[in-house]
Amino acid sequence: MSDRNEFGDELFDLLAKVLNSTANREVFDSIRGEYGLLWHLATIGRPVSVGELAEYMQVVPGRMTDILKNLEKKGFVLRHRSEEDKRIVMVSLLEKGKEEAMRRRQYIHEKFKGINEVFSLDEQKELIHLLNMLLTFTK
């Protein structure tokens with residue numbers, strides 16, 4: 001790698017390979033779909049507006065509506081109007097949804113447990129640090 005352009009090219013190629021690998025595809029797809037929404041609701045522990053969810057997950061409103069319809073049919077979430085502003089639709093996580101979020105979280109842990117064998121603890125911390133730096137740069 002002789003210059004910054006080559007670094008950018010190599011970084012892009014590596015990220016594309018990581019994100020598109022067969023092993024990761026299922027996990028990454030779920031993060032932007034139902035599981036990502038369930039996990040976000042489980043971690044914040046309060047109802048959230050549909051608009052906030054769409055922004056957090058970086059999906060268009062139509063995609064968010066589809067995700068919420070599926071989750072509501074499964075009994076994982078409840079959509080309801082805001083008490084303060086009836087124009088705003090809020091989403092609450094139901095107990096069944098919390099259980100599903102935890103089940104899927106465990107599945108992802110199992111899927112990636114081998115990473116502990118590939119990276120030392122210091123390397124894991126450094127990887128997290130570097131990825132956070134990358135996220136800060138892309139904002």
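How each quantity is defined
Residues numbered from 1 in each chain as written. Predicted model: local features only at pLDDT ≥ 70, side-chain atom pairs only at ≥ 80, totals over all residues. Heavy atoms only, no water. Helix = DSSP H or I, 4+ residues; strand = E, 2+ residues; numbered from the N terminus. Buried < 20%, exposed > 50% of the residue type's maximum accessible area, 1.4 Å probe, protein only. Contact = heavy atoms within 4.5 Å. Axes fitted to C-alpha atoms, helices over the stretch in contact; angles between N-to-C directions. Parallel < 35°, antiparallel > 145°, perpendicular 65-115°, else oblique. Left-handed = near helix turned anticlockwise from the far one by under 90°. Nonpolar A, V, L, I, M, F, W, Y, C, P; charged D, E, K, R; others polar.

**Quick notes on the side chain of His40**
Relative to the helices and strands, His40 resides in helix H3 (residues 34–44). We classify His40 as buried; its relative accessible area is 12%. Aside from chain neighbours lying at most four places away, what touches His40 is Leu53 and Tyr56.

**Thoughts on the packing of H3 against helix H6 (residues 95–112)**
Following both chains from N to C, one finds H3 and H6 inclined at 115 degrees, their axes separated by 9 Å at the closest point. By the angle class used here, H3 and H6 are roughly perpendicular. The two elements H3 and H6 cross, and the hand of that crossing is left-handed. Taking contact as the criterion, the partners of Glu34, Tyr35, Leu38, Trp39 and Ala42 in H3 are, on H6, Gly97, Glu100, Ala101, Met102, Arg104, Arg105 and Ile108. Residues belonging to the contact of H3 with H6 are distributed by class as follows: 7 nonpolar, 1 polar and 4 charged.

Any link to function would need more than the numbers given here.
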